[in-house]
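Observations on the three-dimensional arrangement
Spelled out, the chains give:
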Amino acid sequence: MTDTPGDDHTLYDLGLSNTPSDVNQHHVDVQEAHRTFDELSRALSRRSTASGSRSLVGQEKGDPEKGALSEDRFDLREYLQATNDAAQSAGIKHKHVGVTWENLQVDVIGGADFKVYIETFGKAVMHFWIMPFTFIWSFISPLLPKKNLPTRTILHPSSGVVKPGEMCLVLGCPGAGCTTFLKAIANERGEYARVIGDVRYAGIDAQEMAKYYKGEVLYNQEDDIHIPTLTVGQTLDFALSTKSPGPNGRAPGLTRKEFTNEVKNMLLKMLNITHTHDTYVGDEFVRGVSGGERKRVSIAEMMASRAHVLCFDNSTRGLDASTALDFVKSLRAMTDILGQTTFATLYQAGEGIYELFDKVIVLDQGRQVYAGPPSEARAYFESLGYASLPRQSTADYLTGCTDPNERQFAPGRSAADVPSTPEELESHWREHPLYKRLVQELQDYKVYMETEKADQIAFREAVAADKKKGVSHKSPYTVGFWGQVRALVIRQFVMRLQDRFQLITSFSLSTILALVIGAAYLNQPLSAAGAFTRGSVIFAGSLTIALDTFGELPAQMLGRPILKKQISYRFYRPAAVSIANTIADIPFSAVRVFIYDLIIYFMCRLSRNAGGFFTYHLFVYLAFLTMQGFFRTFGLMCTSFDVAFRLATFFIPNMIQYTGYMLPVFSMKRWLFWITYIDPLAYAFSGCIENEMMRVNFNCDGTYIIPRNVGDITKYPDGLGPNQVCTLGGAEPGQSIVSGRSYLKSAFALDVSDIWRRNFLVLLGFFFLFQITQVLLIEYYPQYGGGGGFTVFAQENSETKKLNEKLRERKALRAQRSEKEEKEEKYDDHSTDEKVHRKTFTWERVNYTVPVAGGTRRLLHDVYGFCKPGTLTALMGASGAGKTTCLDVLAQRKNIGVVTGDILVDGRPLGADFARGTAYAEQMDVHEGSATIREAMRFSAHLRQPAEVPTAEKDAYVEEMIELLELQDLADAVVATLGVEARKRLTIGVELASKPELLLFLDEPTSGLDGQSAWNIVRFLKKLASRGQAILCTIHQPSSLLFESFDRLLLLERGGETVYFGEIGQDARVLREYFARYGAVCPSNVNPAEFMLDAIGAGLSPRIGDRDWADIWRDSPEYKNMIAEIERIKAEGLARPVEQKKITTYAAPFWVQLKEVVIRNNRALWRSPEYVWSRLFVHAFISLFVSLSFLQLGHSVRDLQYRVFAIFWVSVLPMIVMSQIEPMWIFNRRVFIRESSSRIYSPYVFAIGQLVGETPYSILCAVVYWALMVWPIGFGQGAAGTSGNGLQLLIVIFVELFGVTLGQLIGAISPNIQTAALFNPFLALILSTFCGVTIPYPTMAKFWRSWLYQLVPYTRAIAAMVSTELHGLTIQCRPDEFTIFNPPEGQTCQQWAGDFVNASTGYLDNPNDLSSCRYCQYKVGDEFFVPLNIQYENRWRDTWILFCYFVFNIIATIIASRLLRYAKR
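Residues numbered from 1 in each chain as written. Predicted model: local features only at pLDDT ≥ 70, side-chain atom pairs only at ≥ 80, totals over all residues. Heavy atoms only, no water.

Applying the stated criterion across every chain yields a total of three disulfides. Disulfide partner of C700: C726, at an S-S distance of 1.8 Å. Taking the sign of the torsion about the S-S bond as the criterion, the disulfide between C700 and C726, at about 95 degrees, is right-handed. Residue C700 is located in the loop between strand 12 (697-699) and strand 13 (705-706), and its partner C726 is located in strand 14 (residues 725-726); the two are separated by 26 residues in the primary sequence. Relative accessible area serves as the criterion here: at 6%, C726 is assigned to the buried category. Note that C1389 is cross-linked by a disulfide to C1413, the S-S spacing being 2.0 Å. Linking C1389 and C1413, the disulfide has an S-S dihedral of approximately -90 degrees and is accordingly described as left-handed. Note that C1389 is positioned in helix 52 (residues 1389-1399) and C1413 in strand 29 (residues 1413-1416), a separation of 24 residues in sequence. Taken individually, C1389 and C1413 each receive the classification buried, so the pair is uniform in this respect. Each bonded cysteine of the protein gets a number by its place in the sequence, and the pairs then read 1-2, 3-6, 4-5. (Disulfide = S-S within 2.5 Å. Helix = DSSP H or I, 4+ residues; strand = E, 2+ residues; numbered from the N terminus. Buried < 20%, exposed > 50% of the residue type's maximum accessible area, 1.4 Å probe, protein only.)

Written as structure tokens, this is what we have:
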């Protein structure tokens, strides 16, 4: 930072640029920049001070509009100069990096006519069946001659140079390659097939720069990606903690903390966001700073990196004209004083912004058609034969010359004699003297860099000096690995601490789960009955908390964009993130799991001693951390949640099945038992149960004694006699006490001596293994998502093929017409529409107040105005003035707060059909992502145009709209893959397709578009207005040409105060005269739209005049004229007779709505193969692996138990379905909220349509699950026979549909996906615990048995399935399953035990023997399920009760959809 470009050495004395003519090339000279900088610094000081203290209610304190304040002046130039002087005296080197590029070319995969078509479910199924062949082919193909994939060039060879202290503006229409150029310059090459050419940074090539100095060349993307739950100050603190220089890179005596605070305060003051220091950054879901402030946070974060080559991609998006100009002025000043090299692409750049740049590059379809001084660009294109358009801003003019639809040729010239194709423009440019001068400048600078390496050496030394102690000189990072981990741990810890919702819900949920498990297994007895349920509670307790970490899967996906950005900034190594995440989690998860374990352990009366508890807790917590690492590994490995979900379900069922509880090791199939050895949960369960069993003994009593007294029988001893035996595993003949160790060995084949030497060590090994896999995956196999954006299309059918052909023909014809014909066509169609009376919209005294913490806040104050048919009204104001709020209020879209005032149509109050008669193109562009443009517009037309209009006529109108919006080439493009501009046009098209009778509202229809696209949109709106349409829209950054296209203006200032309402006039004459009358004279060369915002004090500069412009307006004659005009409009409207027509809320009848919504939903699911195929795959896989574990079951007692376990797996299906259904429902609801505001279709239709769309796939999944279950396992061997399998299918279908509707119900009552996900573990636990399987009905506590057991739907499903399967099933014990006892001397087995067997269940295998009686517990399956409160006769009753639950879910979902929208506006 020593040698600033302010001296001759850096800017001009390079042996190249010391002539006056060269200085003129830099039309922003240093002195001028410093003057601008001083002015900006003072303005920033004022603004910073003014915004320091604002009151919540009423007028803002310290408002610069209300007069001068005592200034706490911040002089940025002075600060930087002082820093430079200190650095210079300390011998710190500067970092000046000039950028040169020669023949830079970028290619992407895909030929010239390359089209990507959307995947469908049908294709996914086909790919699955041919997978074996593709797998084999993957081994054969490398042996064959390689065929290169076709590529196409999106950035054609270009050359140029930008020196330190220079700013370069890159211009072009959408698709011209501006973003690609910036990414190529910023060394962001990963998403492209090939980048060719020589790019050098201070003479260093791109490869070396990427390897050692990547953090010095940065790209700031258009979207602002931040962690929403961090404050602005914390965001910058983190950036500086990883980028603050070491002692050698700081001024002497300045500590790291002091340096960090100084730089942070400088950035906050410079960008005027000091007041946001303690405010959350926020996003769509987390309330935080405004959009404009968030954009400035992105810039501050980038500047905190202290990089010296900066590429800004449309960084003024969403800012009003005044704020955008202030930002670029800051950029200019930073570039000059710090010696940075700055590239920027800006849309709708005004003249004030354009003049701040040193160089401008114009691209046309990837070809460089101009690169040189901004002052000469307009003259160059005029010299080619393009019309001179002096009132159009230069930036818009330059992009307009590359747009075939917008360019205008000079009189007497045409495309025949003016270079107009990209190739011709490029060719002509390369022959021009300016291009020769550019090439010469490039070559001279390259030679200078190669011979005079002062800048390069200084740059290398400065980067090396910045590094902390111990960091390798070859490392691109400023701090070492453990320093990065430390910074990340602090950040993660703060994030978790501040995310109160997540913290409270996670602790609450785990505590509730623990209480449910504790209550279900309350006070386990130390009797034989307590042995089995002790295993159940340990299994349920350890498994529930371990699988709670499944939430890590989507969390890994959500953080990827932030990870990608910060790694590209070289804040940290990817590996540091996974280590830091684990360390930062431990304090929170350790406390949470400790509370969870404490509740379960002591409520269930597990062995009550400290050693037992802490050993149990250690195993459970280690299992939690291990599974957390397991799911994070999959989250890092997979490209999408659906893929990760499929992989996880490949492992989870096996992990549960082979834990060793449901299926002891000795019962596992020999070809599958090895799974238990690679199952972390098996070691956790073994450790926990060994820990418990080594500390307890069981007393054998009750039903576990054979033979015993049953009913009236009293012949057997009450305790355990010498001729009785205990059936509990591990019992010794004649011994009533069974040690836990013996039981464990007999029932589970586990040895307590393995607890530390095997289970603990292996579990610890798994924990470290998954930490290592995370580090390796994130470091060497990163999955950041995103990548190159390309448009995906739907396959044409015969109808769309004809329509597209027709559109192409009309487009070609239109291109051949003359400009005169085009103009005539614009204002000559639909002249018949003028005969129809269109109503006028008026509003008076509109006030809007919202509740806030501590009171209320007024956002709009006494707003008046009107919107006449055939006029285009603009709604403008500074950021935060209430433009969108005003539009929402007028369009009746607000559902919180209080609106007062009169909003009338033809003098009458708004009717029930107002929302239907208006159209509102919102700013957010929310659409159903899988539809095409044509389908989205047809959906709107079919449901919003009157029902009596024929469908063919509606479709024809849609084709007309596609043509008018110039979307012919994208008619079959899938909405989710569209660019910003195309989405914006679609949003407008969807609203226009409804043919609004009354009014068209548009919220910032030009935001995010380049100047030409914005002009196209406004030109089209003007065309609509000429047909009689009334249009009201908010607008940002309009050029003077765009601005005067509007008929009237409603101008607001902060606080929702009206500053002006009235005509604009040609060349904004009326508006300019109004402002001039009160002392604000607009210069002839200034855009009136920008000037009026500056005049009222919207930007950084103070307002003109000493009176508030709102007060001036209320005292003006224009105000009185407006009031009189509103009264006249109302009187005229009331004089007309009231139209007698039937008023309906929706245009289409219910059945038409349902048909259209169902068709759309079905199409959306068909085009979502990942979603549908994942569900089908999971069903098939779980069923298959459960079947393989229980393959061809026989008639033994153990096989009977396994049949029940196999049936119990059906209860897992709803949980799988719910985790997929809920996000889908909530996402679709966002689309519905937008559509329901326009009364397109009812909430009942939405809810029913969602279910109908899911039903076919649900039935398919159920059939696949059932088919892979019943035959491999061997169902249907009981009295019901194979016909009983039909009932099993019906139950599986009902269970599946129950899961779908329960997921939709949870989605309907949840405000967001995070909340919905919290219901799942709780519901899963309740439904599976109290259905009578894990806790048998006889041992269940009476309290739960009396109501919850009856209430749980799974009780009915399992009762019906178990009774159908086991009824009449003959049981034959295997030799090891018999209970063996000796009868008294001289008695046969029948004589001694016959009474017991007759009164109880089972049979004697050797009734006539005198010793070693073999007793089998069951004779038929009914003896197993009847004591469990299950009746075969009730199977159909239970099946239809389950169906009733499904119906109840549907009704509840429909009601919830009607009442709960969670759309607060």
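In this section: unusual backbone geometry. A cis amide bond links I706 with the next residue in sequence, P707, at an omega value of -20 degrees. For P707, the position within the fold is in the loop between strand 13 and strand 14. A positive phi is found at R570, a non-glycine position, where the angle reads about 60 degrees. Relative to the assigned elements, R570 resides in the loop between helix 23 (560-568) and helix 24 (574-603). R570 sits in the buried class, given a relative accessible area of 17%.

A few words on the packing of aromatic side chains. Across all of its chains, the model carries 87 aromatic pairs by this definition. Measuring from ring centre to ring centre gives 5.4 Å for Y370 and Y380, while their planes differ by 35 degrees; the resulting arrangement is tilted. With a gap of ten residues between them, Y370 in strand 11 (residues 367-372) and Y380 in helix 14 (residues 374-384) connect regions that are remote in the sequence. Taken as a pair, Y370 and Y380 share a single burial class, namely buried. Clustering of aromatic rings is evident, with ring pairs tying together F550, F630, F631, F634, F651, Y683, F766 and F770. Against the face of F939 rests R1160, its NZ or CZ located 4.0 Å from the ring centre. (Phe/Tyr/Trp six-rings, centres within 6.5 Å; stacked < 30°, edge-to-face > 60°. Lys NZ or Arg CZ within 6 Å of the ring centre and 35° of its normal.)

The subject of this paragraph is the side chain of Q368. Secondary-structure assignment places Q368 in strand 11. A polar contact is formed between the side chain of Q368 and the backbone oxygen of S159, at a distance of 3.2 Å. Here the side chain of Q368 touches W429 through a polar contact of 3.4 Å, side chain to side chain. Residue contacts for Q368: discarding those within four places in its chain leaves W101, S158, S159, I361, V362, L363, E426, W429, Y435 and L438. (Polar contact = N/O pair within 3.5 Å; in protein donor to acceptor, adjacent residues only side chain to side chain. Contact = heavy atoms within 4.5 Å.)

Running from amino to carboxyl end, helix 46 (residues 1213-1236) crosses helix 49 (residues 1313-1329) at an angle of 160 degrees, the nearest separation of the two axes being 10 Å. Classified by the angle their axes make, helix 46 and helix 49 are roughly antiparallel. Where helix 46 crosses over helix 49, the two elements pack in a sense that is right-handed. Across the interface between the two elements, M1215, M1218, S1219, E1222, P1223 and I1226 of helix 46 pack against I1313, A1316, A1317, N1320, L1323, A1324 and L1327 of helix 49. For the contact of helix 46 with helix 49, the residue count by class is ten nonpolar, two polar and one charged. (Axes fitted to C-alpha atoms, helices over the stretch in contact; angles between N-to-C directions. Parallel < 35°, antiparallel > 145°, perpendicular 65-115°, else oblique. Left-handed = near helix turned anticlockwise from the far one by under 90°. Nonpolar A, V, L, I, M, F, W, Y, C, P; charged D, E, K, R; others polar.)

Summarising burial for helix 23: seven of the nine residues are buried, a large majority. For helix 23, every residue scored as buried is listed here: R560, I562, L563, K565, Q566, I567 and S568. Phi turns positive one or two residues past the end of helix 23, at R570, with a value near 60 degrees.

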